[in-house]
Amino acid sequence: MTQAAFDQMAFDIDSDALIAFTQELVRIRSVNDPEAGTAEGQAAALVEAKMRSFGWEPQISEVAPGRPNVIAIIDGGQSGPTLMFEGHTDVVTEGEITEWSFDPYGAEIRDGKLLGRGSADMKSGVAGMIFAARAMQTAGPFPGRIIVGALADEEGMMLGAKAFAATPLAKEVDGAIICEPEDGEVCNVSKGAIRLRIQITGKMAHGAMPQHGRNPIPVAAAIVGDLLRLEKSLNQTHGTHPLLGDNYITPTVIAANTFAQINVIPRRCEFAVDIRTTTDIDHETLINRIHALIDKAATAQECAASMEIVDDRPPVDTPRESSVVAALFAAHRAVVGADPQYGGVPGTTDGTILTRDAKIPTVVYGPGDKWIAHQANEWVAVKDIVSFAHVYAEAAHRFLTSKEN
């Protein structure tokens, strides 16, 4: 987009202030890291301060010690619907520092890119939505309300989204734009996720006398094999989703003995499974199938098995005709000058929880490469931070003034 095009945008957004605020956010290591004493608190405080500088009165609520949600409500002064902009203030760890070619918390701007952990996922989105809501406010009275929510713990168990979804305010939201990095795609569909913890219990014995024990480890191995075959069956039955790809059933953690006990058959073995589903998969049916194959494998080896559902996040499929999706699509076209592509979120977002628990229609859209999240050398294009903020403002205008609302 040319500078002339930026200058002709309808909403007054201070580009320099927006970029500077994004840099301030990126400089904060808002990793939930109890050993280092860091979490979202400092980033949330910065968000709160910015909101108060606009004359807003944000609500602060801790979902865990030192991990606050920051919620602001901007009333347009006229009756109408309620739109929410949502983002999260936590980031994942930087990982191995030697893999970075720059300071992950330096927020340096180089060759048109803002560099650093959280620059794409998703502090640029958080900054953009705040400035977009401010632009709507300064543009004059508008119908309805805008809720700006900077929530905690998206990278974990999504405690912030779950806490907000349980509030009366969430029930008043008519649509939500989740400002995650999707590289300009309007993502009205998102994969679901099931997290399982499976435990196999046998009988402890000496490694030299396996006939006296019941080893849970081969049972776990058999279950893993069954799960991989189930994954293949799901994809053969349902095919590849055009926006979300394949279904995945992935073992991620396994634990039994320590290496100090190589000569001991353990009594217990447990492992975790991360399942990612397309919109074609019914979670209850899938969970029942997994439960059955676990019981069958354990019984065959005279062991016991249990399965804990750590989290169950169903897929999201918001119709393209939904007011919030249609408003965002039209806003992108108006600001960028071309139709956006529809896309799918390969993981889950806070929007998954808002849809599941509060029945809010959600769509995911934000600055940043959709595949850059959680990698070393994370970055976001500076021009995209500004452009997407304008799209957010335009989307809010279109959604709140739509006759369908």
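In short, a report on the structure. (Residues numbered from 1 in each chain as written. Predicted model: local features only at pLDDT ≥ 70, side-chain atom pairs only at ≥ 80, totals over all residues. Heavy atoms only, no water.)

## What to know about the packing of helix 2 (residues 15-26) against helix 10 (residues 382-401)
Which entries qualify depends on this criterion: Angles run from 0 to 180 degrees between N-to-C directions of axes, and those axes are lines fitted to C-alpha atoms, restricted for helices to the stretch in contact. Comment: elements are numbered from the N terminus, with helices defined as DSSP H or I runs of at least four residues and strands as E runs of at least two. Here roughly perpendicular refers to angles of 65 to 115 degrees, roughly parallel to angles under 35, roughly antiparallel to angles over 145, and oblique to all remaining angles. Rotating anticlockwise by less than a right angle from the far helix to the near helix defines a left-handed crossing, while the corresponding clockwise rotation defines a right-handed one. Note on contacts: a residue pair is in contact if any heavy atoms of the two residues lie within 4.5 Å. For this scheme, ten residues count as nonpolar: Ala, Val, Leu, Ile, Met, Phe, Trp, Tyr, Cys and Pro. Four count as charged, namely Asp, Glu, Lys and Arg, and the remainder, Gly too, count as polar.
Running from N to C, helix 2 and helix 10 point in directions that differ by 115°, and their axes come no closer than 10 Å. In terms of axis orientation, helix 2 runs roughly perpendicular to helix 10. Pair helix 2 / helix 10 crosses with right-handed handedness. Residues S15, L18, I19 and T22 of helix 2 form the contact with helix 10, whose own contacting residues are V382, I385, V386 and A389. A class-by-class count of the residues in the contact of helix 2 with helix 10 yields 6 nonpolar, 2 polar and no charged.

## Describing the sheet that holds strand 14 (residues 304-313)
Put simply, the test is: At least two bridges found by DSSP between two strands are what make those strands a pair.
The strand order across the open sheet built from 4 strands is 11-13-9-14, with neighbouring strands paired in antiparallel fashion. Either end of the sheet is taken by a strand with one partner, and the two such strands are strand 11 (248-255) and strand 14. Ignoring strand direction, the axes of neighbouring strands in this sheet form an average angle of 20°. Where strand 9 (residues 192-201) meets strand 13 (residues 268-277), 10 bridges bridge the pair, whose relative direction is antiparallel. Considered in strand 13, the bridge of R195 is made with D274. Against the sheet, helix 7 (residues 283-300) contacts strand 9, strand 13 and strand 14, and its axis sits at roughly 160° relative to strand 14.

## Some words on the environment of S387
Looking at the element boundaries, S387 is found in helix 10. Between the alpha carbons of S387 and Q211 there is a distance of 68 Å; along the sequence they are 176 residues apart.

## Some points on helix 2
Residues three or four positions apart in an α-helix share a direction because the helix packs 3.6 residues into each turn. Worth spelling out the cut-off: For a helix, the expected span equals 1.5 Å multiplied by the number of residues minus one.
Look at helix 2: 17 Å from first C-alpha to last across 12 residues, which is about the 16 Å you get at 1.5 Å a residue. Buried residues belonging to helix 2 abut helix 3 (41-53), strand 4 (109-110), strand 5 (113-115), helix 4 (119-138) and helix 10.

## Let's talk about the environment of G128
Mapping G128 onto the fold places it in helix 4. As for G128 and G192, which are separated by 64 residues in sequence, their C-alpha atoms are 26 Å apart. Once residues within four sequence positions are removed from consideration, G128 is found in contact with L18, A389 and Y392.

## Section: the nonpolar core
We apply this condition: Residues grouped as a nonpolar core are buried Ala, Val, Leu, Ile, Met, Phe, Trp, Tyr and Cys residues, joined through side-chain atoms within 4.5 Å. Type-normalised accessible area, obtained with a 1.4 Å probe on protein chains alone, sets the label of each residue: buried when under 20%, exposed when over 50%, and partly exposed for intermediate values.
Ranked by size, the top nonpolar core spans 62 residues in total, and within it I130, I146 and I177 carry the most contacts. If you list the elements that add at least two residues to this core, you get helix 2, helix 3, strand 2 (67-75), strand 3 (77-88), helix 4, strand 6 (142-151), helix 8 (323-336) and helix 10. In terms of residue count, helix 10 provides more of this core than any other element does, 12 residues in total. Filtering out sequence-adjacent residues up to four positions away, I177 remains in contact with L83, M84, F85, E86, V324, L328, V363, Y365, Y392 and A395. In terms of nonpolar packing, the next biggest core, distinct from the first, is built from 25 residues, L227, L230, I275 and I287 among them.

## Notes on the packing of aromatic side chains
Test applied: Any two rings among Phe, Tyr and Trp, with Trp reduced to its six-membered ring, count as a pair given centres within 6.5 Å; such a pair is stacked if its planes are under 30 degrees apart, edge-to-face if over 60, and tilted if neither. Two conditions define a charge sitting above a ring: the NZ of Lys or the CZ of Arg must be within 6 Å of the ring centre, and it must be within 35 degrees of the ring normal.
Applying the stated rule across the entire model yields 8 aromatic pairs. Note on F329 and Y342: the rings are 5.2 Å apart at their centroids and 20° apart in plane angle, and the pair reads as stacked. Remark: Y342 occurs in strand 16 (residues 342-345) and F329 occurs in helix 8; sequence separation between them is 13 residues. Site record: aromatic cluster; members linked through ring pairs are F21, F54, W56 and F131. The ring centre of W379 lies 4.2 Å from the NZ or CZ of K113, which sits over that ring. Here R320 stacks its cationic end above the ring of Y342, 3.8 Å away from the centre of that ring.

## Some points on helix 10
The first and last C-alpha atoms of helix 10 sit 30 Å apart over 20 residues, in line with the 28 Å expected at 1.5 Å per residue. Of all 20 residues making up helix 10, 16 are buried, and the element is well covered by its neighbours.

## Some remarks on the sheet that holds strand 5
Across the sheet, 3 strands lie side by side as 4-5-18; this open sheet has antiparallel pairing. Of all strands in the sheet, those with a lone pairing partner are strand 4 and strand 18 (379-381), marking the two edges. Bridge count for strand 4 against strand 5 is 2 bridges, and the pairing is antiparallel. Looking at strand 5, one finds that R110 is bridged to K113.

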